[in-house]
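# Summary of structural features
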Amino acid sequence: MSKGLIKDTDFNVTPKEAGEIAFKNNVFINCRTRLSVAEIRAEAKKIKIQNGLDVVFIDHIGKVRPDKLKATKNDQIGQISEGLKNMAMDLDICCVVLSQLNREVEKRSNKRPIMSDLRDSGCIEQDADEILMLYRDDYYEGRENRPSKSPGLLEILVAKNRDGFT
């Protein structure tokens, strides 16, 4: 998928494989709040050693506790982004991190997000291997009194793909 070589037939296989993964009973959820990168890393390492680990999901980067509380928000996000990237590389896992958008997208006529719309985005853009952005025309339909061109459709915009096409 990351190289853009997915075929229509692959969409039939993906849900089946996702179901198989779900039934392995190896999904671990940590609901503790304001964890630091070091705490996330320690938990991930423990799970990897005990059970195996392929992917960590973080919802969202702004909720991770930075080490330097007095640094600027941009510097904090940079430190977190770099720490998560290093964790992924060191543990040989995938790290999926959600991020909010800033309000700039609201000011444009074309509401499709771009990388600079990521809140405190400089370091996220630099560290990420892939940046996927979601867009639903329906979301803006009612707010701007215009008909949706594609009702019910969610677009996944590949804004960055270090190993493939955007």
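Let me sum up the structure you'll find in this document. Remember, predicted model here, so these are calculated numbers, not experimental data. (Residues numbered from 1 in each chain as written. Predicted model: local features only at pLDDT ≥ 70, side-chain atom pairs only at ≥ 80, totals over all residues. Heavy atoms only, no water.)

If you walk through the whole model with that rule in mind, you get 7 salt bridges. We note a salt bridge from Glu-155 to Arg-112, for which the minimum N-O separation is 2.8 Å. Within this pair, whereas Glu-155 is found in strand E4 (residues 154-161), its partner Arg-112 is found in the loop between helix H4 (104-107) and helix H5 (122-127), the two being separated by 43 residues in sequence. Salt bridges sharing common partners tie together Lys-85, Asp-129 and Arg-162. (Salt bridge = Lys/Arg side-chain N within 4 Å of Asp/Glu carboxyl O. Helix = DSSP H or I, 4+ residues; strand = E, 2+ residues; numbered from the N terminus.)

Moving on: unusual backbone geometry. Here the residue pair Asp-59 and His-60 is connected by a cis peptide bond, since its omega of 0° sits within 30 degrees of zero. Topologically, His-60 is positioned in the loop between strand E1 (55-58) and helix H3 (73-91). Here the phi dihedral of Arg-34 falls at roughly 55°; this positive angle occurs in a residue that is not glycine. Of note, Arg-34 is situated in the loop between helix H1 (10-22) and helix H2 (37-51). Under the relative-accessibility criterion, Arg-34 is labelled partly exposed at 38%. Although it is not a glycine, Asp-92 adopts a positive phi angle of roughly 55°. Mapped onto the elements, Asp-92 comes out in the loop between H3 and strand E2 (94-97). (Buried < 20%, exposed > 50% of the residue type's maximum accessible area, 1.4 Å probe, protein only.)

Honestly, it's all geometry; don't read function into it.
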